Amino acid sequence: MGMKFLFRLRTDMPVSKTRIFVAGHNGMVGSAILRELEKHPKVTLITASRKELDLTSQRAVQLFFEEQKIDQVYLAAAKVGGIYANNTFPADFVYENLMIESNVIHAAHLNGVQKLLFLGSSCIYPKMTEQPMTESALLTGLLEPTNEPYAIAKIAGVKLCESYNRQHGRDYRSVMPTNLYGPNDNFHPENSHVIPALIRRFHEGARAGDEEVIIWGSGKPMREFLHVDDMAAACVHVMELDAKIYADSTQPMLSHINVGTGKDCSIRELAESVAKVTGFKGKLVFDSCKPDGAMRKLMDVSKLSSLGWTASISLDEGLSATYEWFKNNVVSLR
């Protein structure tokens, strides 16, 4: 007996239009891609929640693709987290991400899906690579130990796409985003990335009248941040590039494209900006006993810029918008 799926199909759109499956649509990146694609009238969007479709199950994913007759895939589903989560659950991070990308990419191929976009991460690059990081830095050195399992899985995803392209003539593309933030981020006090963690910590500190807020690390590492709505726009831009233009701009075994702003700031500067946005007036204390991770991670985005796309949302603008979303959608639910 075949498995039945409670997928969501936008029934107000004719089924003759391009059928696009956004894997991971409830996450920060996937939901942003969904919002971006909703601006395009010639698509039918297909989504499935974790309860409706287990992407780590090869059989379930294969049956889903067989039933839904998908034309394109945006593979945004992933297990993600900050330094604490990556250090604490390394097996979960490598296993779940390998399974998700392997199942989706292979099922896409078996069911004749010619176009797919895989979302990686800037952590695929070596810890000691030159800055800013170019696409050619991939596999040229050792990875940052704190998130190596996750990075290995993301590198495998890039190579899966390239291998299906080389062996089967598919058009599977990969983008490597810098650090992302925005609506639908994970604001967990321990398992979140730096911006949502700081927003929550400073918000609670401001409301409680705390004299100080403790921040992990020395505050010296430099990081680049991209609003997720900019990331979604870049994804659609890359996906819609003419196949020849994309091929001419990349190489068969070096086909991914960096996505970022090309600008970075220190964690201390970021914390000061978040404190200002949230209204926290106390002291910022940096706990240098906690790991810093890589000291700098700045993306070289010249390739994407040459292909006609640059980021448009400033960090200050993005932080303010994200804090408003946090207050309206996280704080209001308590």
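Residues numbered from 1 in each chain as written. Predicted model: local features only at pLDDT ≥ 70, side-chain atom pairs only at ≥ 80, totals over all residues. Heavy atoms only, no water.

**A look at the overall build of the chain**
Alright, step 1. A count of helical and extended segments in the chain gives 11 helices and 14 strands.
Alright, step 2. Taken against the 2.2 N^0.38 rule, which gives 20 Å for 334 residues, the C-alpha radius of gyration of the chain at 20 Å falls within 12% of a compact globule.
Alright, step 3. In terms of overall dimensions, the chain has C-alpha extents of about 60 × 45 × 40 Å along its principal axes.
Alright, step 4. Here the chain holds 334 residues, and the buried ones make up 51% of them. (Helix = DSSP H or I, 4+ residues; strand = E, 2+ residues; numbered from the N terminus. Rg over C-alpha atoms; globule rule 2.2 N^0.38 Å. Buried < 20%, exposed > 50% of the residue type's maximum accessible area, 1.4 Å probe, protein only.)

**Thoughts on the pattern of salt bridges**
Alright, step 1. For the structure on display, the rule yields 10 salt bridges.
Alright, step 2. Linking Lys39 and Glu36 is a salt bridge whose minimum nitrogen-to-oxygen distance equals 3.1 Å.
Alright, step 3. Taking the relative accessible area as the measure of exposure, Lys39 reaches 61% and is therefore exposed.
Alright, step 4. Assessed through its relative accessible area of 14%, Glu36 is described here as buried. (Salt bridge = Lys/Arg side-chain N within 4 Å of Asp/Glu carboxyl O.)

**Re the environment of Arg59**
Alright, step 1. Topologically, Arg59 is positioned in helix α2 (residues 58-68).
Alright, step 2. Judged by its relative accessible area of 51%, Arg59 falls in the exposed class.
Alright, step 3. For the pair Arg59 and Asn103, spaced 44 residues apart in sequence, the C-alpha to C-alpha distance is 8.6 Å.

**Quick notes on the sheet that holds strand β14 (residues 296-297)**
The strands making up a sheet are joined through hydrogen bonds of the backbone, oriented either antiparallel or parallel.
Alright, step 1. If you walk across this open sheet you meet the 3 strands as β12-β9-β14, and the pairing is mixed. Of all the strands in the sheet, the pair left with one neighbour each is β12 (265-266) and β14.
Alright, step 2. In this structure, strand β9 (residues 222-223) lies alongside β14, joined through 2 bridges in parallel fashion. Residue pairing for β14: Met222 is matched across the bridge by Arg296. (Pairing = 2+ DSSP bridges.)

**Some thoughts on the nonpolar core**
For soluble globular proteins, nonpolar side chains are generally found buried alongside one another.
Alright, step 1. Formed by 42 residues in total, the largest nonpolar core has its most connected members in Phe21, Phe65, Val73 and Leu75.
Alright, step 2. Secondary-structure elements contributing two or more residues to this core are β2 (18-23), α2, β4 (72-75), α4 (90-110), β5 (115-119), α5 (148-168) and β6 (171-177).
Alright, step 3. Apart from the residues lying within four places of it in its own chain, the contact partners of Phe65 are Phe21, Ile70, Val73, Val104, Ala107, Ala108, Asn111 and Val113.
Alright, step 4. Counting residues in hydrophobic clusters, the runner-up holds 32 residues, among them Met28, Val29, Ala234 and Val238. (Core = buried A, V, L, I, M, F, W, Y, C linked by side-chain atoms within 4.5 Å. Contact = heavy atoms within 4.5 Å.)

**Regarding the side chain of His256**
Alright, step 1. Within the secondary structure, His256 is located in strand β11 (residues 256-259).
Alright, step 2. Exposure remark for His256: the relative accessible area of 0% places this residue in the buried category.
Alright, step 3. One polar contact links His256 to Tyr125, side chain to side chain, over a distance of 3.1 Å.
Alright, step 4. Within the local environment of His256, its side chain forms a polar contact with the backbone oxygen of Glu135, the two atoms lying 3.3 Å apart.
Alright, step 5. In this view, His256 contacts Ile124, Tyr125, Glu135, Leu138, Val158, Glu162, Ser174, Met176, Tyr246 and Lys303; residues no more than four positions away in its chain are not counted. (Polar contact = N/O pair within 3.5 Å; in protein donor to acceptor, adjacent residues only side chain to side chain.)

**Notes on the state of the cysteines**
Note on terminology: a disulfide is the covalent bond linking the sulfur atoms of two cysteines.
Alright, step 1. Tallied over the full model, the rule gives 0 disulfides.
Alright, step 2. Free cysteine Cys123: the closest other cysteine sulfur is in Cys161, separated by 16 Å.
Alright, step 3. The cysteine Cys161 is free of any disulfide, with Cys235 supplying the nearest cysteine sulfur at 12 Å. (Disulfide = S-S within 2.5 Å.)

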